[in-house]
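Survey of secondary and tertiary structure
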Amino acid sequence: MNGLWLQLRKIARARRVFGVFRFAVFLAWALCAGVAAFATAVPWSTVGPDGGDARSIAAVPGDPSHLYLGTTNSWIYESTDGAMLWHRLAKLPSVDNLVIDHILVDRTNPLVVYAAAWTLSHEGGGLWVSRDGGRSWNEPAGLRGQSIRAFVQAPSDAAMLFAGTLEGVFRSNDDGATWTQISPEGSKEIHEVESLAVDPANPEIVYAGTWHLPWKTNNGGKNWHNIKKGVIDDSDVFSIIIDPLKPHVVYASACSGIYKSETGGELFRKIHGIPATARRTRVLRQDPAHRATVYAGTTEGLYKTMDGGGTFKRMTGPEVIVNDVFIDPANTERVLLATDRGGVLASADGAATFAPANRGISERKVAALMVDRVQGSRIFAGVVNDKTFGSVFISEDAGAQWKQVADGLDGRDVFALAQSIDGDVVAGTSSGIFVLDGDSSRWQPRNVVDNAPVKAVAVAVAPHKTKGKRPVKSPSPAKNPAPTKGKPQMVLDSRVFALDLSGDAWLASTSGGVYTSKDKGTTWQGGPVMGMAGYLSVAAHGSLMAAAQPSGVVLSHDAGQNWWPISTPIALTKIHAVAFSADGTLWVGGREGVYFSRDAGKSWMWVHRLPLVDVDELSYDAASGAVLVSSQGSDFVYAIDAKTLDWKWWETGYRLSRVRMAGGRLLAASMEDGVLAEPKGEETEIGAK
């Protein structure tokens, strides 16, 4: 028992997202059931799809094939072969949403790596330092909690570092151990510092770009003066670079365009050649061997000038959002881009052409996950927020390699994936439903609504509820009139929340209501049910169908022609998901856990002692006979035996949105880390029913 207590305490400390209530339930279960111990937590592995958001690239000085990559979810990647293959190196502590905009490798000691970050959700962030090549990290106190938007090392003094934060400009003279603010504290002008540059010979000369114009100090911060002459007022200055051999030549990028100064910033002139729509230039980089060549990474592609800003040419498509540019000092024809959604793009011909260099990078926001009914190694992942870089990815080898299959989806987000009994693969998107054609290369729309409205019985349901294991009674359903015919055709172009194609008819819940199709999606019938359209989850078992929205569940016994409400457990205050197991048992998951009914909602039972609340998703796996349970607020996964009610659990190390079984191995979808896979040979713990 002492060993059990020690492991319980260890897990309690480690799992801040586990919560007091859930841990209390789990503790009670462990003590009552007499379970020996927790399983050793082995984090699941990320398996793709490759790509996602990349924010910063840095190389080890003298070894440009040794690269570090910063992301938007606190992870740092490493490549030792010039971006051919990446691996996750470390996750910075503190929070899960650190935007690592700057990585810097000390030029005098390549084992010293700095990572400066800010957070997406609030004014937080900080600086982390590694002295063992990124294996372990610590956070100096001087910048703790600061939202760091700029970070540079003085070219003439490697011990001197500068950080730009929302509060101002800070300097360290001792390799980042201590920090001093060198801009006026509480200044109403020098704050929200987005960019920094330090004179190559004199570290007392510092340029600072803010969200409202650039500034300069010639004496290490004792005095600052505005260098806005020639710059359009109220320009956010995203990047400043200094010519290393001619430090009076300064380039600055702003929301109003790109500027060049040949007077050390005292006078700027605007550079023409980049369209106004692309003027949010996040980064400027100068070719170290050809100083007249400057790259401008914008929100509408990469631009390049070879004549010092005289003319610019766009080198990528406008869909590429560039966050950082790396130019190989040993071979300046080799250029890498860190981009939104597209991950890392690599060029070997001076940016004339680019190809993805994302193998091993798993940063996709996967909202839908499907495993082929017949080929368990064939996986489909639907992604969101990726536009031309996203939609659907397919792996034929259990996640080892992925192929984008997006033709016909036109950049739509994919929120649901399902497969029919006949093998049809269907995607529910941000705007409509699409079926993958036979050669698995193009999606075809299936959005005609030949609308005989789905009807619902207007029965006033008494709030029959349960407490613990006490059953709940539902009123008998009234008979509905036959659906009306002859309505004009419409197009189903709303967001699709869920799909189930396993029943007597295809079933979909959308922001416009619940729809069914008996002709494989050629036409759909439906609309709001019980006057409501917000049904987020659906499930089918032959002609028996269920649809759930947060405040209730409706049921159909005739493949969606008629619907009626059923009562729900009194303890369940918010419903998120429904599922049917093989014998027709109806399962619901929500804020207070998982319940089930073996009599179509007339009575309900609680899955006793299951230590998971805020259940977001349920799915039934026929091969194992288990109901898979997950929560976006937890990194635990549960599988409930639908017959015995025994359950197993896994700690994944990631927050999940979907869980599926593939050939006896669990896969999960994550909104930050792509698709995750259970470690091979991983043992699970058994829970009591």
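Residues numbered from 1 in each chain as written. Predicted model: local features only at pLDDT ≥ 70, side-chain atom pairs only at ≥ 80, totals over all residues. Heavy atoms only, no water.

Some details on the overall build of the chain
- Helices and strands together make up the secondary structure of the chain, namely 2 helices and 61 strands.
- Across the 689 residues in the chain, those meeting the buried criterion constitute 58%.
- Residue pairs in contact within the chain that sit at least 24 positions apart in sequence constitute 48% of those at least 6 positions apart.
- Here the chain has roughly 27200 Å² of accessible surface; of this, 52% comes from carbon and sulfur atoms. (Helix = DSSP H or I, 4+ residues; strand = E, 2+ residues; numbered from the N terminus. Buried < 20%, exposed > 50% of the residue type's maximum accessible area, 1.4 Å probe, protein only. Contact = heavy atoms within 4.5 Å. Areas by Shrake-Rupley, 256 points an atom, 1.4 Å probe, with all protein chains shown as cover.)

Looking at the sheet that holds strand β36 (residues 425–429)
- The sheet built from 4 strands is open, its strands ordered β35-β36-β37-β38 with antiparallel pairing. At either end of the open sheet lies a strand with only one pairing partner, and these are β35 (414–419) and β38 (443–445). Each adjacent strand pair in this sheet contributes to an overall mean axis angle of 30°, direction not counted.
- Note: strand β37 (residues 432–436) against β38, 3 bridges, orientation antiparallel. The residue of β38 that forms the bridge with Phe434 is Pro445. (Pairing = 2+ DSSP bridges. Axes fitted to C-alpha atoms, helices over the stretch in contact; angles between N-to-C directions.)

A short note on the packing of aromatic side chains
- Enumeration over the complete set of coordinates arrives at 7 aromatic pairs.
- Consider the rings of Tyr114 and Phe151, whose centres lie 5.8 Å apart with planes at 40°: the pair is tilted. A residue pair is termed long-range when its members are at least 10 positions apart, and Tyr114 in strand β8 (residues 113–119) and Phe151 in strand β10 (residues 148–153) qualify at 37 residues.
- Among the residues examined, Tyr114 registers a relative accessible area of 0% and is labelled buried.
- A relative accessible area of 6% places Phe151 in the buried class. (Phe/Tyr/Trp six-rings, centres within 6.5 Å; stacked < 30°, edge-to-face > 60°.)

Quick look at the nonpolar core
- Counting residues in each nonpolar core, the largest one holds 28 residues, and the members touching the most others are Ile57, Leu67, Leu69, Trp86, Val344 and Leu666.
- In this structure Trp86 touches Leu67, Tyr68, Leu69, Tyr77, Glu78, Ser79, Val344, Ala357, Asn358, Arg359, Gly360 and Ile361, once residues within four positions along its chain are discounted.
- Ranked by size, the runner-up nonpolar core spans 19 residues in total, among them Phe596, Leu618, Tyr638 and Trp649. (Core = buried A, V, L, I, M, F, W, Y, C linked by side-chain atoms within 4.5 Å.)

Some details on the side chain of Thr305
- Following the sequence through the fold, Thr305 ends up in strand β24 (residues 301–305).
- Reaching out from Thr305, the side chain makes a polar contact with the side chain of Asp307 at a distance of 2.7 Å.
- Once you skip the residues sitting within four places of it in the chain, Thr305 turns out to touch Ala292, Thr293, Val294, Gly310, Thr311 and Phe312. (Polar contact = N/O pair within 3.5 Å; in protein donor to acceptor, adjacent residues only side chain to side chain.)

Considerations on the sheet that holds strand β21 (residues 268–271)
- An order of β18-β19-β20-β21 is seen for the 4 strands of this open sheet, with the pairing classed as antiparallel. The sheet is open, and its two borders are formed by β18 (237–242) and β21, each paired with just one other strand. Ignoring which end each strand starts from, the neighbouring axes of this sheet average 25° apart.
- One ladder, built from 5 bridges, connects strand β19 (residues 250–254) with strand β20 (residues 257–261); its direction is antiparallel. From the neighbouring strand, Ala252 faces β20, where its bridge partner is Tyr259.

Quick word on the pairing of strand β52 (residues 593–597)
- Across the 5 residues that make up β52, a large majority, 5, are buried.
- Summarising the sheet, strand β51 (residues 586–590) and β52 pair through 5 bridges and their orientation is antiparallel. Its bridge partner lying in β52, Leu586 is registered against Ser597.
- The antiparallel hairpin formed by β51 and β52 contains 2 residues in its connecting segment.
- Strand direction decides the pairing type here: β52 and strand β53 (residues 605–606), joined by 2 bridges, are antiparallel.

Regarding the pattern of salt bridges
- For the structure shown, the criterion picks out 21 salt bridges.
- For Arg364, the salt bridge identified is with Asp386, shortest N-O distance 2.6 Å. Pair noted here: Arg364 is in the loop between β30 (362–363) and β31 (366–371) and Asp386 is in the loop between β32 (379–383) and β33 (392–395), with a separation of 22 residues, a long-range link. Of the two residues, Arg364 and Asp386, both sit in the buried class.
- For Lys365, the salt bridge goes to Glu672, with nearest N and O atoms at 3.4 Å. Of the two residues, Lys365 sits in the loop between β30 and β31 while Glu672 sits in the loop between β59 (665–670) and β60 (674–677), which places them 307 residues apart along the sequence.
- Its relative accessible area of 34% is what places Glu672 among the partly exposed residues.
- A single network of salt bridges, built from pairs that share partners, joins Arg55, Asp101 and Arg282. (Salt bridge = Lys/Arg side-chain N within 4 Å of Asp/Glu carboxyl O.)

Describing the pairing of β35
- Counting buried positions over the 6 residues of β35 gives 6, a clear majority of the element.
- Where β35 meets β36, 5 bridges bridge the pair, whose relative direction is antiparallel. By the bridge assignment for β36, Leu417 is matched with Ala427.
- Between β35 and β36, which pair antiparallel and follow one another directly, the connecting turn spans 5 residues, one of which, Gly423, has a positive phi of 100°.

Brief notes about the environment of Trp75
- Assignment of secondary structure puts Trp75 in strand β5 (residues 75–79).
- If near-sequence neighbours (up to four positions away) are discounted, Trp75 is found in contact with Leu69, Gly70, Arg88, Ala90, Lys91, Ile100, Glu363, Tyr654 and Asp673.

Quick word on the side chain of Arg364
- Judged by its relative accessible area of 4%, Arg364 falls in the buried class.
- Engagement of the side chain of Arg364 in a polar contact is seen with the backbone oxygen of Phe389, the distance being 3.2 Å.

Description of the environment of Tyr114
- Each C-alpha atom of the pair Tyr114 and Gly176 lies 8.7 Å from the other, and the pair is 62 residues apart in sequence.
- Residues within four places of Tyr114 in sequence aside, it is in contact with His102, Ile103, Leu104, Asp106, Leu127, Trp128, Val129, Trp137, Phe151, Leu161, Asp175 and Gly176.
- Looking at Tyr114, its side chain comes within polar contact range of the main-chain oxygen of Asp175, at 3.0 Å.

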